[in-house]
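Below, each chain spelled out in residue letters.
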Amino acid sequence: INFIFEPILATMLLLRTVYTQRLVSKSVSSTIRKASRCNCNVFLSRNIHTIRAWSYPGAYHSSKMSFSTDPNTDGFDNEFDDIGDIEPSQLDLKRKGKGDNLKYLIIDVREPHELENDNDLGSTTQDWINIPKENLLSLSDSEEFEELLAKNGIDGLDEYQDLFFFCRSGQRSMNVAKHIVQLDLDQTIFNVTGGILKYQKDCDNAGLR
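Residues numbered from 1 in each chain as written. Predicted model: local features only at pLDDT ≥ 70, side-chain atom pairs only at ≥ 80, totals over all residues. Heavy atoms only, no water.

## Some words on helix H2 (residues 88-95)
And step 1. When we look at burial in H2, the residues that qualify are Pro88, Leu91, Asp92, Lys94 and Arg95. Buried residues along H2 cover an arc of 160° about the axis, so they all sit on one side.
And step 2. Along its buried surface, H2 packs onto strand E6 (83-86), strand E7 (104-108), strand E8 (128-130), strand E9 (162-166), strand E10 (188-192) and helix H7 (195-202). (Buried < 20%, exposed > 50% of the residue type's maximum accessible area, 1.4 Å probe, protein only. Helix = DSSP H or I, 4+ residues; strand = E, 2+ residues; numbered from the N terminus. Arc of directions from axis to C-beta. Contact = heavy atoms within 4.5 Å.)

Next comes the structure, spelled out in structure tokens:
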């Protein structure tokens, strides 16, 4: 019996190794391409299912890979959700010209009345727009996203390298970021942790109103 099952087991192990090598190679290539656009340093952890790239101090990107039972796939879901977390203090430095030179856009996903109650990001720096969460979650592709930005005064998405999503506490903006990253944009997607509440607590509020 062993002489029957041993070749089968060896074949299965070989196929698993081939799949793993293919996926790691693909994931590393994808991350390096994105890193080259944002001048990141790439780190491949000991866990081959996790790739992280840093573009700001205190910020990171996480990518994930999951197994699929879909018979139409090769056995794996290649889902790389590259979403960086950035602290408000780091974003504030960037807004003051003390960060890198990459052009960015902050998208505040709160409702308009919340901006009146909790303050907005001010008029000193024209680096942000307000688009409520539901408007963003209804998008189905990158063209719709560009059209929505154009309606809000942003023409030419290609000129931006980083998109920062922002809300009151960081939860809604993360939900939006998870949706937007599925649109396969060229930009690097960030969620601002803690939202306006943490921004007000940690940063110089001179730019807020």
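Okay, back to it.
## Notes on the nonpolar core
And step 1. Ile107, Leu136, Phe145, Leu149, Phe165 and Ile180 are the most contacted members of the largest nonpolar core, which totals 25 residues.
And step 2. For this core, the elements supplying multiple residues, two or more each, are E7, helix H5 (142-151), E9 and helix H6 (171-180).
And step 3. Not counting chain neighbours up to four residues away, the residues in contact with Phe145 comprise Ile107, Leu136, Leu139, Leu157, Leu163, Ile180, Leu183 and Leu185.
And step 4. Ranked by size, the runner-up nonpolar core spans 14 residues in total, among them Leu121, Trp128, Ile196 and Tyr199. (Core = buried A, V, L, I, M, F, W, Y, C linked by side-chain atoms within 4.5 Å.)

## A few points about the packing of H2 against H7
And step 1. Where H2 contacts H7, the two axes come as close as 9 Å, and the packing angle between them is 70°. The angle between the axes of H2 and H7 places the two elements in the roughly perpendicular class. Taken together, the residues of H7 that come into contact with H2 (itself represented by Pro88, Leu91, Asp92 and Arg95) are Gly195, Lys198 and Tyr199.
And step 2. The residue makeup of the contact of H2 with H7, split by class, is three nonpolar, one polar and three charged. (Axes fitted to C-alpha atoms, helices over the stretch in contact; angles between N-to-C directions. Parallel < 35°, antiparallel > 145°, perpendicular 65-115°, else oblique. Nonpolar A, V, L, I, M, F, W, Y, C, P; charged D, E, K, R; others polar.)

## Things to note about a negative patch on the surface
And step 1. Side chains of Asp141, Glu143, Glu144, Glu146, Glu147, Asp158, Asp184 and Asp186 sit close together on the surface and give a patch of like negative charge.
And step 2. Turning to its location among the elements, Glu147 is positioned in helix H5. (Patch = residues over 30% accessible without salt bridge, like charges linked within 9 Å, V, L, I, M, F, W, Y side chains within 5 Å. Areas by Shrake-Rupley, 256 points an atom, 1.4 Å probe, with all protein chains shown as cover. Salt bridge = Lys/Arg side-chain N within 4 Å of Asp/Glu carboxyl O. Lys, Arg positive; Asp, Glu negative; His and termini not counted. Charge placed at Lys NZ, Arg CZ, Asp CG, Glu CD.)

## Details of the confidence of the model for the protein chain
And step 1. Model confidence for the protein chain is summarised by a mean pLDDT of 76, while 64% of its residues fall at 70 or above.
And step 2. Here residues 36-55 is modelled with pLDDT under 50, and outside its nearest four sequence neighbours on either side it reaches 46 contacts, counting other chains as well.
And step 3. Within the model, pLDDT remains below 50 along residues 60-80, and this stretch shows 54 contacts once partners closer than five positions in the same chain are excluded. (pLDDT = per-residue confidence, 0-100.)

## Re the pairing of E10
And step 1. In terms of residue burial, E10 counts as a mostly covered element, since five of its five residues are buried.
And step 2. The alternating pattern of E10 places Thr188, Phe190 and Val192 on one face and Ile189 and Asn191 on the opposite face, and all of these are buried.
And step 3. Pairing of E6 with E10, which is carried by four bridges, proceeds in the parallel orientation. In the sheet register, Asp85 faces E10, and the bridge partner there is Asn191.
And step 4. When E9 meets E10, the two strands line up parallel, connected through four bridges. (Pairing = 2+ DSSP bridges.)

## Notes on the packing of aromatic side chains
Aromatic ring pairs are defined here through the distance separating the ring centres and the angle between the ring planes.
And step 1. Applying the stated criterion across every chain yields a total of three aromatic pairs.
And step 2. With 5.8 Å between their ring centres and 75° between their planes, Tyr104 and Phe164 make a pair best called edge-to-face. Linking Tyr104 in strand E7 with Phe164 in strand E9, this pair joins segments that are 60 residues apart in sequence.
And step 3. Its relative accessible area of 13% is what places Tyr104 among the buried residues.
And step 4. A relative accessible area of 0% places Phe164 in the buried class.
And step 5. Feature note: the residues Tyr104, Phe164 and Phe190 constitute an aromatic cluster, connected by ring pairs.
And step 6. The positively charged end of Lys103 is found above the aromatic ring belonging to Tyr160, 5.1 Å away from the centroid. (Phe/Tyr/Trp six-rings, centres within 6.5 Å; stacked < 30°, edge-to-face > 60°. Lys NZ or Arg CZ within 6 Å of the ring centre and 35° of its normal.)

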